[in-house]
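One-letter residues, chain by chain:
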Amino acid sequence: TTIFFSDKELLYNMFLVLCSFLGRYVNFLFNSVNTIDLCMNVPILYKVIQSINNSVKSVLGTMILGFCLQYIFVGYGFIFFSAAYGFADMDTGGCATLIECLKAHWDYGFRSAPVWHSNKLTGMRFTFDYFYNLSIILIMAAIISGIIIDTFADLKEEQTFIEDEQKSK
């Protein structure tokens, strides 16, 4: 039994078989483990996963910045707009406290811009919408994408350098 449990590759393959069984008979979401394993065995997909893993700290820092920006927009909207607004996915106009509005913003605010319940576009609403779309929807998504793409490019460059070194020897 000691030899059986010391073989890590065998244990990993048994874990994948168990996940396949659970995915077939319990819940199909167990198959996601096998999908990740498949991605790890395709070289280009492995590089993508590796670039995401290598940039986790930067992405988490950017997410914290995004949450802080969301908090600023929630506070501004909660204080200055008496007519509530919602999002395309959910009407958040019924939130009575700042924390309720903040939860809704964190859940829906990164996906879509605020939707107003009236067609009247005032200067404050226009400014709020413009800066919200610019800072949250466009810039935050571009920063996170840029971090991952830059890390992927660095890994690709490193791999090309290693391949060139091997060819020259």
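Higher on the page you've got the structure.
Residues numbered from 1 in each chain as written. Predicted model: local features only at pLDDT ≥ 70, side-chain atom pairs only at ≥ 80, totals over all residues. Heavy atoms only, no water.

A. Fine view of the overall build of the protein chain. The secondary structure content of the protein chain amounts to seven helices and two strands. For the protein chain, the C-alpha radius of gyration of 23 Å lies well beyond 15 Å, the compact-globule estimate for 169 residues. Seen along its three principal axes, the alpha-carbon backbone of the protein chain occupies a region of about 70 × 50 × 25 Å. The proportion of buried residues among the 169 residues of the protein chain is 25%. Here the contacts in the protein chain between residues at least 6 apart in sequence split such that 60% fall between residues at least 24 apart. (Helix = DSSP H or I, 4+ residues; strand = E, 2+ residues; numbered from the N terminus. Rg over C-alpha atoms; globule rule 2.2 N^0.38 Å. Buried < 20%, exposed > 50% of the residue type's maximum accessible area, 1.4 Å probe, protein only. Contact = heavy atoms within 4.5 Å.)

B. Seen up close, the pattern of salt bridges. All told, the structure shown has one salt bridge when counted by the stated rule. With a closest N to O distance of 3.2 Å, Asp-107 and Arg-111 form a salt bridge. The class of Asp-107 is partly exposed, set by a relative accessible area of 40%. (Salt bridge = Lys/Arg side-chain N within 4 Å of Asp/Glu carboxyl O.)

C. Layout of a negative patch on the surface. Taken together, Asp-150, Asp-154, Glu-157 and Glu-158 make up a surface patch of like negative charges. Looking at the secondary structure, you find Asp-150 in helix α7 (residues 123-168). (Patch = residues over 30% accessible without salt bridge, like charges linked within 9 Å, V, L, I, M, F, W, Y side chains within 5 Å. Areas by Shrake-Rupley, 256 points an atom, 1.4 Å probe, with all protein chains shown as cover. Lys, Arg positive; Asp, Glu negative; His and termini not counted. Charge placed at Lys NZ, Arg CZ, Asp CG, Glu CD.)

D. Spatial organisation of the packing of helix α2 (residues 8-25) against helix α3 (residues 31-41). Contact geometry of α2 with α3 gives a least axis separation of 7 Å together with a crossing angle of 135°. Between α2 and α3, the angle falls in the class oblique. Between α2 and α3, the residues in contact are Tyr-12, Phe-15, Leu-16, Cys-19, Ser-20 and Gly-23 and Asn-31, Val-33, Asn-34 and Asp-37, respectively. (Axes fitted to C-alpha atoms, helices over the stretch in contact; angles between N-to-C directions. Parallel < 35°, antiparallel > 145°, perpendicular 65-115°, else oblique.)

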